[in-house]
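# Analysis of the macromolecular model
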Amino acid sequence: MSDLKPSGRLPLLFFGMLSLLGGVLAGLARLGWEVPAPAAQAAGLHGPLMISAFFGTVISLERAVAIGHGWAYLAPLAAGAGGLALLAGAPLIVGQTLGCLAAFGLVAASGVAMRRQFAIYTGILTLAAGCWLIGNLIWISSGEISAAVPWWLLFLVLTIAGERLELTRFLPTPPAAQKIFIAIVGLLLVSATITVNPLFAAGFFALALWLLRYDIARRNVASDRLTRFIAICLLSGYVWLVIAGLLGMAGAFTPGHIWRDAALHSIGLGFVFAMVFGHAPIIFPAVTRIKIPYHPVLYLPLVLLHLTLALRVFGGLTNNFALRQHASLFNGLVLVVFIATMVLLVRSNTKRGTR
Amino acid sequence: MMVPHRPPETQIAMTHPAPDEERVRTLLRQVVDPEVGANIVDLGLVYRIDIAPGQVGIAMTMTSPACPMGEMIIDDAYAELDRILPDECQPEIRIVWEPSWNPTMMSEQCRLRLGWSEPPADQQ
């Protein structure tokens, strides 16, 4: 089955962004902000909307483009449809099932990549997709989103870490480093399975230190323009993963803990979105063939992300609800600034791939 | 993707009829992988350049089959080639996965820049 043209991929991305919009508004609703009705009724679904629906769309779309098989695009379609079902107030099982189908699609697509080049990192990417599927199945069977959250976090974190592991091949990375990486992943999987949160957090802490030590970003900071920008995004994200690990080891991942919001968003916003901001200038063109030229304005959303997240985390640590509530609104606005920056840069350079 | 600069000698090259392997390699050095901060030639991703009358065939690989950047890097490579090669010369780029890329394929300059002090053993 042949690949989907870029013009066919963009709608899939926009479809997934509906879940981003709905998911962010749902999150704001949870903190007491008034939002449009579909998002308000989905306030409790912020996690699945952001991770399974939105990031599920983005990551499975990337994987489909990477392997070039048409069937793989069913995964982002299902992920986006799942998000829409949740926002439309359809019976929960509809959105949950679509999420499972999407995750299964990503596992299959990742398996193709793994067969093409069997290596630890392609294995990690397939494992990450498996974590997405496990999270969705746990949600269906237990009815508890909080039980699925550790697995959804692993989906995101291992996808990113797997891709970073791949890049360490360019450096004289000692063989022991890969073994340590595998051990950390093992720790994360075991602790998620037996639900020991502080151990799970220790895994994130260790992974963050590993990334700070071995990632090619350390070297690329000395480069310039886009390469340097990506490196700074990554390293700043790793710092947030360290913070999440520390908070988690202090018990923050326990449902109901006053630091839980801070810990989860240190990962979701600080680690994951810093990664998104850094990679958008290369992934968006890779998927859509629409170029995003480098410009220092790219640093603006990144700086705002860190500032507003710091406020939110501080609000969480000091149990200051008003601060946390307002900072979360600013977090949402940062995403708007980010999208606006991308649109601005695309319009300033309308060159497209010709083949 | 970084916008490649155009050195003056390539302006003169536009009037020169036939490409050779070295010129094609020089053109492809303008195509950079921003994740690594190195160009595709120095990374050892360009496996073969075949010059025939009216045709330039390039076989190259990507470092990761899970990476969606393949098409964009190919686009950039075509853009470089189309800019300089004469109109009657058609470039054709094929992505191949064999042999698998490994760090020993990087140029010496690239390896030194990335911190290798001696030739890398295959890490896989």
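Bear in mind the structure is a predicted one, so any value in this text is a computation, not a measurement.

Reading the values: rules and limits
Along each chain, the written sequence defines residue order, and numbers are assigned to residues from 1. Labels are handed out in written order, letters beginning with A for the chains and numbers beginning with 1 for the ligands. Per-residue local features are limited, in this predicted model, to residues with pLDDT of at least 70; the limit for side-chain atom pairs, both in listing and counting, is 80 or more; totals at the level of whole chains, interfaces and linings are taken over all residues. Values shown for side chains rest on all heavy atoms present in the structure; no hydrogens or waters enter the calculation. Any two strands with at least two DSSP-identified bridges between them are counted as paired. Labels follow the DSSP assignment, with helices taken as runs of H or I lasting at least four residues and strands as runs of E lasting at least two, numbered in each case from the N terminus. Angular values range over 0 to 180 degrees, each being the angle between N-to-C directions of two axes fitted as lines to C-alpha atoms, with helices fitted over their stretch in contact. Only heavy atoms matter for contacts: two residues are in contact if any of them lie within 4.5 Å across the pair. By definition, the buried area sums, over both parts, the 1.4 Å-probe accessible area that each loses when the two are put together. For this document, the term salt bridge refers to a Lys or Arg side-chain nitrogen within 4 Å of an Asp or Glu carboxyl oxygen. Counted as a polar contact is a pair of N or O atoms within 3.5 Å, where, for protein atoms, one must be capable of donating a hydrogen and the other of accepting one, and residues adjacent in sequence contribute only when both atoms are in side chains. We call a set of buried Ala, Val, Leu, Ile, Met, Phe, Trp, Tyr and Cys residues a nonpolar core when their side-chain atoms join them within 4.5 Å. Burial classification: accessible surface area is computed with a 1.4 Å probe over protein chains only, and a residue below 20% of its type maximum counts as buried, one above 50% as exposed, and the rest as partly exposed.

Strands belonging to one sheet form pairs held by backbone hydrogen bonds; the direction of such a pair is parallel or antiparallel. Residue and element names in this part refer to chain B. One open sheet accounts for 3 strands, arranged β3-β4-β5; its pairing is mixed. Of all the strands in the sheet, just β3 (46–52) and β5 (90–95) have a single pairing partner and so form its edges. In this sheet, neighbouring strand axes are inclined to one another by 15° on average, regardless of whether the strands run parallel or antiparallel. Examined bridge by bridge, strand β4 (residues 55–60) and β5 share 6 bridges and lie parallel to one another. Bridging from a neighbouring strand, glutamine 55 pairs with glutamine 90 of β5. Strand contacts of helix α2 (residues 21–28): β3 and β4, with the helix running at about 135° to β3, the strand carrying the most contacts. Set on the sheet, helix α3 (residues 70–84) makes contact with β4 and β5; between it and β5 the angle comes to about 160°.

Right, let's talk about the interface of chain B and chain A for a bit. Taken together, the 34 residues of chain B in the interface contact 43 residues of chain A. Between chain B and chain A lies a buried interface of about 3,400 Å² when both sides are counted; carbon and sulfur atoms form 53% of it. Among the residues of chain B in contact with chain A, Glu35, Pro65 and Pro68 of chain B are the three that bury the most area, contributing 19% of the side total. Among the salt bridges present, the one from arginine 289 of chain A reaches aspartate 75 of chain B, with a minimum N-O distance of 2.5 Å. The interface formed by chain B and chain A includes 9 residue pairs in polar contact (both at pLDDT 80 or more). Of all the secondary structure elements, the ones that give two or more residues to the side of chain B that touches chain A are α3 and β5 of chain B.

Ranked by size, the top nonpolar core spans 158 residues in total, and within it Phe204 and Phe273 of chain A together with Leu28 and Ile58 of chain B carry the most contacts. When residues of this core are assigned to their parent elements, the largest contribution, 16 residues, is made by helix α12 (residues 260–288) of chain A. Other than its neighbours up to four places away in sequence, phenylalanine 273 of chain A contacts Leu20, Met50, Phe54, Phe55, Gly268, Leu305 and Leu335 of chain A.

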